[in-house]
Amino acid sequence: MSKQIDIKDLDIFYGDFRAVDGVQMQIKPRSVTAFIGPSGCGKSTVLRTLNRMHEVIPGASVSGEVLMDGNDIYGAGVDPVNVRREVGMVFQRANPFPTMSIKENVLAGVRLNNRRLSKSEADDLTERALRGANLWNEVKDRLNLPGSGLSGGQQQRLCIARAIAVEPEVLLMDEPCSALDPISTLAIEDLINDLKDKYTVVIVTHNMQQAARVSDKTAFFNIAGTGKPGKLIEFNETSTIFSNPDKEETENYISGRFG
Amino acid sequence: MTTTHTTTEAAVSKPPKLTSKQLPKATPWIVAIASILVAILISFIAFGGFNIPVVAVLAGLINAIAVFAVSAAYEGRRKAVDRIATTVVTSTFILACVPLISLLWLTASKGGAAISGDLLTRTMLGMKGVLDQQYVAGEVTLAGGFYHAIVGTVLITAAACIISIPIGVLTAIYLVEYSNKNRLGKAITFLVDVMTGIPSIVAGLFAFALFSTIANVLMPGSAGIAKTGFTAAVALSVLMIPIVVRNTEEILRLVPMDLREASYALGVPKWKTIVKIVLPTSVSGILSGVTIAIARVIGETAPIMVTAGFAKTLNWNLFSGWMSTLPTFIYDSQLRPVSPGAAALASSERAWAAALVLVALVMVLNLLARIIAKVLAPKAGR
Ligand SMILES: Nc1ncnc2c1ncn2[C@@H]1O[C@H](COP(=O)(O)OP(=O)(O)OP(=O)(O)O)[C@@H](O)[C@H]1O
Ligand SMILES: [Mg+2]
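Residues numbered from 1 in each chain as written. Chains lettered and ligands numbered in written order. Predicted model: local features only at pLDDT ≥ 70, side-chain atom pairs only at ≥ 80, totals over all residues. Heavy atoms only, no water.

A. Molecular detail of the overall build of chain B. Looking only at helices and strands, chain B has 15 helices and 0 strands in total. Taken over C-alpha atoms, the radius of gyration comes to 30 Å for chain B, far larger than the 21 Å a tight globule of 382 residues would show. Structurally, chain B occupies a C-alpha span of about 105 × 80 × 40 Å along its principal axes. Looking at chain B as a whole, 40% of its 382 residues are labelled buried. (Helix = DSSP H or I, 4+ residues; strand = E, 2+ residues; numbered from the N terminus. Rg over C-alpha atoms; globule rule 2.2 N^0.38 Å. Buried < 20%, exposed > 50% of the residue type's maximum accessible area, 1.4 Å probe, protein only.)

Here you go:
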């Protein structure tokens, strides 16, 4: 399981607006990569191109290559639905399905993809995914209650459980902790540490300590000004980025001296 | 240290003024009742008797002035203006309720007096003027009935729903999920807007023209057989589809993009996301919109008259023969009573009873819409 991702010369557009320019990056399997950078520099945009979620927005387009174990996911004849089955995603805002119970939420991906599950298989998978997302103990007595009745942090972990229940190869997380308290944040960071044994994880975060704690490699994006495209400034080992980065721009951002 | 001390002292010596004089809670009610009493008094003195419209208008005016005066004198100008605004809003609300309540009251009292189980289960089969004359003379009970019209209403409305709900809902799904504001989407939106404004009689004429042309082509000279319940259902669909499209479109746009993206991110195809995520999330809103559309067309008279004619007897067949609905029955009874002259009263009573049934049907539908919305709405509670 888990795949290597090679991003080659990726330009990303919203209509005519070039949001991100010339990204080059190689993400190793079974590693955690953090995207950091100021607001609006295109972190979410890059992340969303990795599972072809970018094109859901009307007018959005991409040029360049994203290779997953050597296969271009933007190649001719590639079905985005198949890509998304391999590359799961957790969003910034928790978004459990409001019509479904906790258990149904966890099983949604599997069920909606036409896989029939026996009752015991379903129970097993629910428990496994919820344990994986560090949520099992809190919800095991109320699996049949609506998922939207959980607290914000629990909902976010429910979404993580839902994403890992379909057993993707890669897991993308867009600021998964931005709405969470320190304890839930810690739970999710622990979870990311566990997930890296099985998955390739890419996480966007505004919290530098978090990037330093959870990631193996860090990508720093920056933007020259409004209306200009975002660029990948530096992609390096996390320890290097946070101790002595190659670029001065990175150093300034990390140390809080901006611009 | 000293500074802190001084500050505290200053605060104690000059407490902030947060309270102000306020009239007791019951004041507006007392003023209102007093105004009504004064208005009644004036009505007796100036008009020599109790006159509801005069009392209502006078009471409203006196109340407004009195509230302002009392409040301004005691509470100050700002509160007085606030109170007068409240009074105006409340009075307007009561004014808006007057026609509504009096309509319901009239229908309930007139219809309630006339209605009976027999009226609900009999048709106008074999109805003669003499029966009504005997009824008005007090010799027999009210004859006839509108069972056929109830059946006609239910059948025609149901057929209209079967036609317009799928078309309306699917169109809305196309507009919201697939059109991306393309040319076709814009054209559909424009047409739907135009359709919303079509007078209902025109919809009826359209449906009749359509089916009589078809009948004429198939069997020359037989345009008349196009007057059927089904033609009426098509006419109602023309009125219903734009309402269903509009309501459904609005509800679908309320479904957060987040949910669709969450589903896509699990590798769920678009059509399945719509069927399994978007529609279940919005089903309560869609259904209550549909119910409102039904309530809107169930009372249509003109399009039924020109498409289904007036039947006096029971007809279960939507595809052949004339049919009556409750509105056309009411219209027909008032316009062409079975017996002319004084005995026309009997027809009028049947019409009121039918009106009561119609209003009750509409109210039940609205209630149903609310219940559906409650039961199917996504649950948020823990
Ligand atoms: N749906 C969209 N349509 C048009 N432009 C967009 C859209 N989403 C983002 N953009 C633009 O793309 C650029 C990058 O946005 P993006 O959301 O990727 O930033 P980000 O780095 O994730 O910022 P944040 O840290 O605030 O989440 C911004 O200039 C933004 O205005
Ligand atoms: Mg973002």
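Structure shown, so let's carry the discussion forward.
B. Broad picture of the environment of B:Arg370. Residues and elements named next belong to chain B. Among the structural elements, Arg 370 can be located in helix α15 (residues 344-376). Its relative accessible area of 63% is what places Arg 370 among the exposed residues. For the pair Arg 370 and Val 140, spaced 230 residues apart in sequence, the C-alpha separation works out to 43 Å.

C. Broad picture of the state of the cysteines. Residues and elements named next belong to chain A. Under the defined criterion, the tally for this structure stands at 0 disulfides over all chains. Just so you know, Cys 41 is unpaired, no disulfide at all, and the nearest cysteine sulfur is the one on Cys 177, 18 Å from it. No disulfide involves Cys 159; its sulfur sits 13 Å from the nearest other cysteine sulfur, which is in Cys 177. (Disulfide = S-S within 2.5 Å.)

D. The arrangement of the pairing of strand β7 (residues 170-174) of chain A in detail. All names here are of chain A. Extensive coverage of β7 is indicated by the burial of 5 of its 5 residues. Burial along β7 is two-sided: the residues Val 170, Leu 172 and Asp 174 and Leu 171 and Met 173 are all buried. Two strands pair when backbone bridges link them, and strand β6 (residues 87-90) and β7 are joined in this way by 4 bridges, in the parallel orientation. Bridging from a neighbouring strand, Met 89 pairs with Leu 172 of β7. Two elements, β7 and strand β8 (residues 200-204), share 5 bridges in a ladder whose sense is parallel. Of the residues in β8, the one forming a bridge with Val 170 is Thr 200. Since β7 and β8 lie parallel, the crossover through helix α7 (residues 182-195) that links them has a hand, and here it is right-handed. (Pairing = 2+ DSSP bridges. Right-handed = clockwise from strand over helix to strand, strands pointing away.)

E. Fine view of the environment of B:Ser91. Residues and elements named next belong to chain B. Along the polypeptide, Ser 91 turns up in helix α4 (residues 77-114). Sequence spacing of Ser 91 and Gly 60 is 31 residues, and the spatial spacing of their C-alpha atoms is 7.1 Å. In terms of polar contacts, Ser 91 uses its side chain to reach the backbone carbonyl oxygen of Thr 87, at 2.6 Å. (Polar contact = N/O pair within 3.5 Å; in protein donor to acceptor, adjacent residues only side chain to side chain.)

F. Here's a closer look at the site of ligand 1. Residue and element names in this part refer to chain A. The environment of ligand 1 is made up of 13 residues, and the closest members are Ser 39, Lys 43, Ser 44, Thr 45 and His 206. In the model, an oxygen atom of ligand 1 is placed 2.4 Å from a nitrogen or oxygen of the Ser 39 side chain. Between an oxygen atom of ligand 1 and a side-chain N or O atom of Glu 175, the distance comes to 3.3 Å. Isolated, ligand 1 exposes 630 Å² of accessible area, and the fraction of that covered by the protein chains is 64%. Secondary structure elements with two or more residues in the shell around ligand 1: β2 (17-27) and α1 (43-49). (Near = heavy atom within 4 Å. Areas by Shrake-Rupley, 256 points an atom, 1.4 Å probe, with all protein chains shown as cover.)

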